[in-house]
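The residues making up each chain are set out below.
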Amino acid sequence: MRILHVLPGLSPGGMERLVIQLAADTTGHGDSVVVASGPGAWTGEVARAGAAHVALPATSRGIASSMATATATARLARCIRHTRPHVVHAHNVRATALAKLALVGTRDRIVLMPTLHGVAPGDYRAASRVLRRVAHRVIVCAPSVARSLEAAGFPGDRIDVITNGAALHPASLQRQIDLRVSLQLGSAPLVVGIGRLVEQKNWPVFIEAAGRLEGPSFAVAGEGPLRRELMDLAREAGNRVRFLGVVDDIAALVGLASCVVFTSTWEGLPLTLLEALSLGAPVVATAVDGVTDLVPPAAALLVSPGDSAAVSEAISRVLADDNLATDLRRNALAAAPSWGPQDMLDRYRNAYRAAWAGEPHWA
């Protein structure tokens with residue numbers, strides 16, 4: 001089959017990592033894959049996955065983006081005419097709308113397959129309106145996303161669920177030593193946050209929690225538009241949090257961490273959280289729908305979103321109680337096979353063929 005992925009950009013993130021995984025898997029099974037996206041640091045990863053990349057201009061919401069959207073639509077339409085995909089796999093709402101516009105006038109039979117990776121709670125109604133107009137069916141990344149989309153008005157019988165899957169192989173001791181030295185992480189117990197520096201991840205709660213605790217060192221691995229603002233906030237709070245930027249060896253970083261913390265206000269289903277748990281990391285995370293759907297309570301300490309005191313208390317428990325940390329590691333490792341990536345990859349490959357065959361359900 002010929003598959004074209006469309007997504008807004010290729011900056012480091014869960015959706016982007018999933019697209020690269022899908023590209024590597026389907027090319028490995030003999031399919032032809034092209035990824036069309038806006039800019040980002042991971043464009044080189046597409047080639048390493050065996051797929052071609054087509055650069056689209058960055059687009060965003062609002063009237064100011066209309067020229068970029070028109071340019072992106074024209075470039076994507078040319079890509080579609082050239083590659084003649086069987087399936088256009090569009091990731092999230094804006095990419096789906098862009099793909100629908102680019103498909104106007106095509107003479108080939110092409111199936112538009114959207115995946116919704118989750119949006120902010122207040123955006124589901126708008127997402128539902130757009131997707132109802134442009135998509136016959138929608139795949140969602142978690143049961144919580146399906147519930148939210150249906151509650152916002154999208155017909156439930158037009159939703160298929162393919163739950164995100166993720167896992168990492170443990171890093172060797174030497175890789176961990178090398179990373180500790182290169183990042184100058186020191187010898188104090190390390191508490192790590194991993195994710196994009198965006199509002200959804202609620203890093204101010206992580207910073208506030210760090211300010212309540214003496215002894216451990218705190219670090220955030222990730223990049224995003226809020227970097228300068230968050231660094232200023234961390235400085236004002238006592239300079240307890242270091243911002244590491246993008247860390248390529250996440251497995252080594254998690255291996256060094258005494259606790260990995262996720263403070264998101266909402267999640268579809270965070271791949272980085274699943275990866276950390278697959279390595280047996282003691283995790284503190286907010287009890288939002290995309291987390292509680294999949295992560296057993298015994299595999300992580302779950303706290304209310306927005307509660308920095310609860311986050312700091314949970315971190316303190318993990319660092320002070322070796323038995324608790326050991327239990328969390330054991331339970332995380334026991335649960336991890338249920339969200340391994342292979343089932344997700346198999347189901348997407350089957351979904352491409354079901355969609356092309358015109359079957360009533362894709363997954």
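Summary of the structure given here.

The rules behind the values
- Residues numbered from 1 in each chain as written.
- Predicted model: local features only at pLDDT ≥ 70, side-chain atom pairs only at ≥ 80, totals over all residues.
- Heavy atoms only, no water.
- Pairing = 2+ DSSP bridges.
- Helix = DSSP H or I, 4+ residues; strand = E, 2+ residues; numbered from the N terminus.
- Axes fitted to C-alpha atoms, helices over the stretch in contact; angles between N-to-C directions.
- Contact = heavy atoms within 4.5 Å.
- Parallel < 35°, antiparallel > 145°, perpendicular 65-115°, else oblique.
- Left-handed = near helix turned anticlockwise from the far one by under 90°.
- Nonpolar A, V, L, I, M, F, W, Y, C, P; charged D, E, K, R; others polar.
- Polar contact = N/O pair within 3.5 Å; in protein donor to acceptor, adjacent residues only side chain to side chain.
- Buried < 20%, exposed > 50% of the residue type's maximum accessible area, 1.4 Å probe, protein only.
- Expected span 1.5 Å × (residues − 1).
- Arc of directions from axis to C-beta.
- Phe/Tyr/Trp six-rings, centres within 6.5 Å; stacked < 30°, edge-to-face > 60°.

1. Focus on the sheet that holds strand β1 (residues 2-7)
Link 1 in the chain: Taking strand neighbours across the sheet as the criterion, the seven strands line up as β3-β2-β1-β4-β5-β6-β7 in an open arrangement whose pairing is parallel. Since the sheet does not close on itself, it has two edges, and those belong to β3 (52-55) and β7 (159-161), each with one partner. Across the sheet, the mean angle from the axis of one strand to that of its neighbour is 25 degrees, orientation sign disregarded.
Link 2 in the chain: Examined bridge by bridge, β1 and strand β4 (residues 87-91) share four bridges and lie parallel to one another. Residue pairing for β4: I3 is matched across the bridge by V87.
Link 3 in the chain: Along the sheet, helix α4 (residues 93-103) contacts β1, β4 and β5 (111-116); its crossing angle with β4, the most-contacted strand, is approximately 145 degrees.

2. Thoughts on the sheet that holds strand β13 (residues 301-303)
Link 1 in the chain: Judged by pairing direction, the sheet is parallel, and its six strands sit side by side in the order β10-β9-β8-β11-β12-β13 without closing on themselves. Each of the sheet's edge strands pairs with one partner strand only, and the pair in question is β10 (241-245) and β13. If you compare each strand with its neighbour and ignore which way they point, the axes differ by 25 degrees on average.

3. Points about the packing of helix α1 (residues 14-28) against helix α15 (residues 341-357)
Link 1 in the chain: Contact pair α1 / α15: the axes reach a minimum separation of 10 Å and the direction vectors enclose 70 degrees. If you check the angle between α1 and α15, you find them roughly perpendicular. Taken as a pair, α1 and α15 cross one another with a handedness that is right-handed. Residues L18, Q21, L22, D25 and T26 of α1 form the contact with α15, whose participating residues are P341, Q342, M344, L345, Y348, R349 and Y352.
Link 2 in the chain: In terms of residue class, the contact of α1 with α15 is built from seven nonpolar, three polar and two charged.

4. Here's the deal with the side chain of S278
Link 1 in the chain: If you trace the backbone, S278 turns up in helix α11 (residues 271-278).
Link 2 in the chain: A distance of 3.0 Å separates a polar atom in the side chain of S278 from the backbone nitrogen of L168.
Link 3 in the chain: Apart from the residues lying within four places of it in its own chain, the contact partners of S278 are A166, A167, L168, L333, A336 and W339.

5. A look at unusual backbone geometry
Link 1 in the chain: Of note in this structure, R84 is not a glycine but carries a positive phi near 50 degrees.
Link 2 in the chain: Although it is not a glycine, N92 sits at a positive phi angle of roughly 75 degrees.
Link 3 in the chain: Residue position: N92 is located in the loop between β4 and α4.
Link 4 in the chain: Given a relative accessible area of 17%, N92 falls into the buried group.

6. Quick look at the pairing of β1
Link 1 in the chain: Most of β1 sits inside the fold, with five of its six residues counted as buried.
Link 2 in the chain: As paired elements, β1 and strand β2 (residues 32-37) share six bridges and run parallel to each other. For I3, the partnering residue across the bridge sits in β2 and is V33.

7. So, α15
Note on helix geometry: an α-helix contains 3.6 residues per turn, so any two residues three or four positions apart are oriented the same way.
Link 1 in the chain: In this model, α15 (17 residues) spans 25 Å end to end at C-alpha, consistent with the 24 Å of a helix rising 1.5 Å per residue.
Link 2 in the chain: Restricting attention to buried positions, one finds in α15 the residues M344, L345, Y348, R349, A351, Y352, A354 and A355.
Link 3 in the chain: Those residues of α15 that are buried are in contact with β1, α1, β4, β5 and β6 (138-140).
Link 4 in the chain: Just downstream of α15 lies G358, where phi reads positive at about 75 degrees.

8. A closer look at helix α7 (residues 173-183)
Link 1 in the chain: Taken as a whole, α7 has its buried residues at Q176, L179 and L183. Looking down the long axis of α7, one finds its buried residues gathered within 65 degrees of arc, a one-sided arrangement. Residues of α7 that are exposed and point over 90 degrees away from its buried face: L173, V181 and S182.

9. Focus: the packing of aromatic side chains
Link 1 in the chain: For the coordinates displayed, the defined rule picks out three aromatic pairs.
Link 2 in the chain: Seen in terms of ring centroids, W203 and F206 are 5.7 Å apart; in terms of plane orientation they differ by 85 degrees. Their pairing is edge-to-face. Of this pair, W203 and F206 both sit in helix α8 (residues 203-211), three residues apart, which is roughly one turn of that helix. In terms of burial, W203 and F206 fall into one category: buried.
Link 3 in the chain: Measuring from centroid to centroid gives 6.0 Å for F206 and F218, while their planes differ by 80 degrees, and the two rings are edge-to-face.

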